Amino acid sequence: MHNPEKVILSNMCMIYHDNQVLVQNRANPNWPGLAFPGGHVEQGESIVDSTIREIKEETGLDITDLKICGLKQWFSDGIRYICFLFKTNQYKGNLISTREGENFWIDRKDLFNYTLASNFVDMIQVFENDDLSEQFRTYVNGEKVSILK
C-alpha cells in the first residue's frame, strides 16, 4: 500500500576553515541560538543547489565542493521534515549578516561555550562523525528523544 506523506525539505551547511566554523546566531524565535546557516529547498530545486543558494542569501558567501554528512528528520503536525546536512571548506566572498541572524567565525573548540539552538548538539555529531548519518527526532514513551544512527 502506498501512503504518501507531506514532506518539507531543508538544508544546513557547516563551513569551516582550519579550526574555525561559521555559525549563525539565529533570529528566529522558534529556533533561537547558534547553528550553521541553511534554509528551505524550493520546489523543483536540487538539494545541493538549494544549499548553495541559501548560504549565499544568508552569509554572502559562495560555497563549492559540498560533502554530504547526513540528515536530520522529525515530524510535526503530520508533516515529515528532512534537513540535509553538508560541510565544506571551499568558499569565497565577504561574510555578511542578514535578518536570519548574525553570522561569525568561532574556534570549533569554543562552540559549546555559546547558547546553541535546540538539538544542535546532536546535529554536530552527524556533521563530524563519519559513523553517523542521521539524527531522528521522535517520541519514545511520550518523551521527545533524539536518535543518532
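See the structure shown above.
Here is a short report on the structure shown in this document. (Residues numbered from 1 in each chain as written. Predicted model: local features only at pLDDT ≥ 70, side-chain atom pairs only at ≥ 80, totals over all residues. Heavy atoms only, no water.)

A closer look at the overall build of the chain
The helix and strand inventory of the chain stands at two helices and eleven strands. Reading the secondary structure of the chain in the N-to-C direction produces β-β-β-β-α-β-β-β-β-β-α-β-β. Its C-alpha atoms give the chain a radius of gyration of 15 Å, near enough to 15 Å, the size a compact globule of 149 residues would have. Taking the principal axes of its C-alpha atoms as reference, the chain extends roughly 50 × 35 × 30 Å. Here the chain, with 149 residues, has 40% of them falling under the buried criterion. Taking the intrachain contacts of the chain between residues at least 6 apart in sequence as the baseline, contacts between residues at least 24 apart amount to 60%. Taken as a whole, the chain presents about 8600 Å² of accessible surface, with 47% of it coming from carbon and sulfur. (Helix = DSSP H or I, 4+ residues; strand = E, 2+ residues; numbered from the N terminus. Rg over C-alpha atoms; globule rule 2.2 N^0.38 Å. Buried < 20%, exposed > 50% of the residue type's maximum accessible area, 1.4 Å probe, protein only. Contact = heavy atoms within 4.5 Å. Areas by Shrake-Rupley, 256 points an atom, 1.4 Å probe, with all protein chains shown as cover.)

Notes on helix α1 (residues 47–59)
End to end, α1 covers 18 Å across 13 residues, agreeing with the expected 18 Å (1.5 Å per residue, within 8%). Along α1, the residues that are buried comprise S50, T51, E54, I55, E58 and T59. Relative to the axis of α1, the buried residues are bounded by an arc of 130° and lie together on one face. In the core, the buried residues of α1 are packed alongside β1 (7–17), β2 (20–26), β4 (38–40), β5 (62–64), β7 (79–88) and β9 (101–107). Looking one or two places after α1, you find G60, whose phi comes out positive at around 85°. (Expected span 1.5 Å × (residues − 1). Arc of directions from axis to C-beta.)

Let's talk about the packing of aromatic side chains
One pass over the structure, following the stated rule, counts six aromatic pairs. Both rings, one in Y91 and one in W105, keep their centres 5.4 Å apart while their planes meet at 40°; by these two values the pair is tilted. Of this pair, Y91 sits in strand β8 (residues 90–92) while W105 is found in strand β9, placing the two residues 14 residues apart along the sequence. By relative accessible area, Y91 is classed as partly exposed at 28%. For W105, a relative accessible area of 25% gives the class partly exposed. Relative to Y114, the ring of F104 lies with its centre 6.0 Å away and its plane at 45°, an arrangement referred to as tilted. Of this pair, F104 sits in strand β9 while Y114 sits in the loop between β9 and α2 (120–128), and the two are ten residues apart along the sequence. Taken together, the aromatic side chains of F36, F120 and F127 make up a single cluster linked through ring pairs. Positioned above the aromatic ring of W74 is the side chain of K72, whose terminal nitrogen or guanidinium carbon lies 4.9 Å from the ring centre. (Phe/Tyr/Trp six-rings, centres within 6.5 Å; stacked < 30°, edge-to-face > 60°. Lys NZ or Arg CZ within 6 Å of the ring centre and 35° of its normal.)

Considering the pairing of strand β10 (residues 134–140)
Looking at chain direction, strand β6 (residues 67–76) and β10 are connected through four bridges and run parallel. Within β10, the position partnered with L71 by the bridge is E134. Examined bridge by bridge, β10 and strand β11 (residues 143–148) share six bridges and lie antiparallel to one another. Pairing of F136 across the sheet is with I147, part of β11. Connecting β10 to the next strand, β11, in antiparallel fashion are two residues, including N141 with a positive phi near 55°. (Pairing = 2+ DSSP bridges.)

Thoughts on unusual backbone geometry
Comment: phi is negative for the bulk of residues other than glycine, and the bulk of peptide bonds are trans. Residues other than glycine seldom take positive phi values, yet D18 does so here, at roughly 50°. Position of D18 relative to the elements: it lies in the loop between β1 and β2. We classify D18 as exposed; its relative accessible area is 66%. The phi angle at N141 is positive, at roughly 55°, despite the residue not being glycine. Residue placement: N141 occurs in the loop between β10 and β11. With relative accessibility at 79%, the residue N141 sits in the exposed group.

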